[in-house]
Amino acid sequence: MDKRITRRELLDYALKGGLLAFFAATLYPLFRYITPPKNTEASVSSVVAAKVGELPPNSSKIFKFGDKPGILVNTAGGELLAFTAVCPHLNCTVQYDSQANYIWCPCHNGRFDLTGRVISGPPPRPLEKYNVKVSGEDIVVSKNV
């Protein structure tokens, strides 16, 4: 028995195949957009943020901590403090306001004291505080573990 495909069946298969290809070409990029990328960078637990003497009193420096920024603050009293520089509200990068003596998020005017606690604004939680240690000529910042 030799079953032949009619023109109508051939057009039916072509239409279904075309629709299947269209949906695959549309849904695959949507799926890739929605799913978060895999973190390719290894988790970092400590970095050298600065050299001793690089940061004058009452100033700050943004440094790279893994794939996120960190902020190192040298207070007016010479105390070294380090926090994540990512605001917990909308992930903006925070700055140190040396005249007002607090950490400030420019996106929505969120303010943090020098312990990382929220003073004012919309941030829902404090900044993550890091440990600071001077090792020879290096200022080493590490996560609390």
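So, here's what we can say about the structure. (Residues numbered from 1 in each chain as written. Predicted model: local features only at pLDDT ≥ 70, side-chain atom pairs only at ≥ 80, totals over all residues. Heavy atoms only, no water.)

### A word on the pattern of salt bridges
- All told, the structure shown has three salt bridges when counted by the stated rule.
- Between Asp138 and Lys51 there is a salt bridge, with its nearest N and O atoms 2.5 Å apart. With a gap of 87 residues between them, Asp138 in strand S10 (residues 138-142) and Lys51 in strand S1 (residues 46-51) connect regions that are remote in the sequence.
- Judged by relative accessible area, Lys51 falls into the partly exposed class, the value being 44%.
- Taking the shortest distance from any N to any O, the salt bridge between Glu54 and Lys61 comes out at 2.9 Å.
- Accessibility expressed as a relative area gives 40% for Glu54, which makes it partly exposed.
- For Lys61, a relative accessible area of 24% puts it in the partly exposed group. (Salt bridge = Lys/Arg side-chain N within 4 Å of Asp/Glu carboxyl O. Helix = DSSP H or I, 4+ residues; strand = E, 2+ residues; numbered from the N terminus. Buried < 20%, exposed > 50% of the residue type's maximum accessible area, 1.4 Å probe, protein only.)

### Description of the sheet that holds strand S2 (residues 59-65)
- With respect to topology, six strands assemble into an open sheet ordered S1-S10-S9-S4-S3-S2, the strand pairing being antiparallel. Edge strands, defined here as strands with exactly one partner in the open sheet, are S1 and S2. Averaged over all pairs of adjacent strands, the angle between their axes in this sheet comes to 30°, without regard to strand direction.
- Sheet topology note: the S1/S10 ladder contains five bridges and is antiparallel. Directly across from Val47, in S10, lies its bridge partner Val141. (Pairing = 2+ DSSP bridges. Axes fitted to C-alpha atoms, helices over the stretch in contact; angles between N-to-C directions.)

### Considering unusual backbone geometry
- Although it is not a glycine, Asn91 sits at a positive phi angle of roughly 65°.
- Looking at the element boundaries, Asn91 is found in the loop between strand S4 (80-84) and strand S5 (95-97).
- On the basis of relative accessibility, which here comes to 59%, the residue Asn91 falls in the exposed class.

### Some words on the state of the cysteines
- Applying the stated criterion to the full structure yields one disulfide.
- The disulfide that involves Cys92 links it to Cys107, with 1.8 Å between the sulfurs. Note on the Cys92 and Cys107 pair: the S-S dihedral is about -110°, so by sign convention the disulfide is left-handed. Remark: Cys107 occurs in the loop between strand S6 (102-105) and strand S7 (110-112) and Cys92 occurs in the loop between S4 and S5; sequence separation between them is 15 residues.
- With no disulfide of its own, Cys87 lies closest to Cys105 among cysteine sulfurs, the gap being 3.6 Å. (Disulfide = S-S within 2.5 Å.)

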